Amino acid sequence: MPADPPHPVDASSTEGSAGRRGPAVLPAGVLADAGELLRALAAPVRIAIVLQLREADRCVHELVDELDVAQPLISQHLRVLKTAGVVQGERRGREVVYRLVDDHLAHIVVDAVAHVQEGK
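Residues numbered from 1 in each chain as written. Predicted model: local features only at pLDDT ≥ 70, side-chain atom pairs only at ≥ 80, totals over all residues. Heavy atoms only, no water.

Across its full length, the protein holds 5 helices and 5 strands. Ordered by position in the sequence, the α and β elements of the protein form the string β-β-α-α-β-α-α-β-β-α. Within the protein, the proportion of its 120 residues that are buried is 25%. Summed over all atoms, the accessible surface of the protein reaches about 8,600 Å², with 55% contributed by carbon and sulfur. (Helix = DSSP H or I, 4+ residues; strand = E, 2+ residues; numbered from the N terminus. Buried < 20%, exposed > 50% of the residue type's maximum accessible area, 1.4 Å probe, protein only. Areas by Shrake-Rupley, 256 points an atom, 1.4 Å probe, with all protein chains shown as cover.)

All right, on to a negative patch on the surface then. A surface patch of negative charge is lined by Glu62, Asp65, Glu66, Asp68 and Glu95. At 3 residues, the largest contribution of residues to the negative patch is made by helix α3 (residues 60-67). By the element assignment, Glu95 lies in strand β5 (residues 95-100). The partly exposed category is assigned to Glu95, whose relative accessible area is 35%. (Patch = residues over 30% accessible without salt bridge, like charges linked within 9 Å, V, L, I, M, F, W, Y side chains within 5 Å. Salt bridge = Lys/Arg side-chain N within 4 Å of Asp/Glu carboxyl O. Lys, Arg positive; Asp, Glu negative; His and termini not counted. Charge placed at Lys NZ, Arg CZ, Asp CG, Glu CD.)

As defined by bridge partners, strand β3 (residues 58-59) adjoins β5 across 2 bridges and the pair is classed as antiparallel. If you follow Arg58 over to β5, its bridge partner there is Tyr98. In terms of strand pairing, strand β4 (residues 87-92) meets β5 through 6 bridges, oriented antiparallel. When the bridges of β5 are listed, Gln88 appears paired with Arg99. Once β4 ends, the chain turns through 2 residues before running back antiparallel as β5, passing Gly93 with a positive phi of about 65°. (Pairing = 2+ DSSP bridges.)

This paragraph deals with the packing of helix α2 (residues 44-55) against helix α5 (residues 103-118). Viewed as axis vectors pointing N to C, α2 and α5 meet at an angle of 120°, and their least axial separation amounts to 10 Å. For the crossing formed where α2 meets α5, the hand is left-handed. Mapping the contact onto sequence places Ile47, Val50, Leu51 and Arg54 in α2 and Leu105, Ala106, Val109, Val110 and Val113 in α5. When the residues that make up the contact of α2 with α5 are grouped by side-chain class, the tally is 8 nonpolar, no polar and 1 charged. (Axes fitted to C-alpha atoms, helices over the stretch in contact; angles between N-to-C directions. Left-handed = near helix turned anticlockwise from the far one by under 90°. Contact = heavy atoms within 4.5 Å. Nonpolar A, V, L, I, M, F, W, Y, C, P; charged D, E, K, R; others polar.)

Okay, structure coming up:
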């Protein structure tokens, strides 16, 4: 059976002095950007927004209705997610419809939620 291709982070692994493969040291900028992304996902309302957008694209009023959170707060959280590159909005008439930029981000959130639920 063929081996799985290496994960992008593991692809540049280095040989340790004892012949063991250790994780590569990533550039500080990459680590800082990953930290910023995780901070953008860290608020409970933003996690809920990502989970909603994982199911379907939504406009602000739909998120307000689904999450029972005030419109200004939803807009503020969407702004943080947009700045972090997690979501993007597309104007359709008088509304802006938001969607996830890619599925990688939804997987981070889904895995975190699953991990917490497994521990309870």
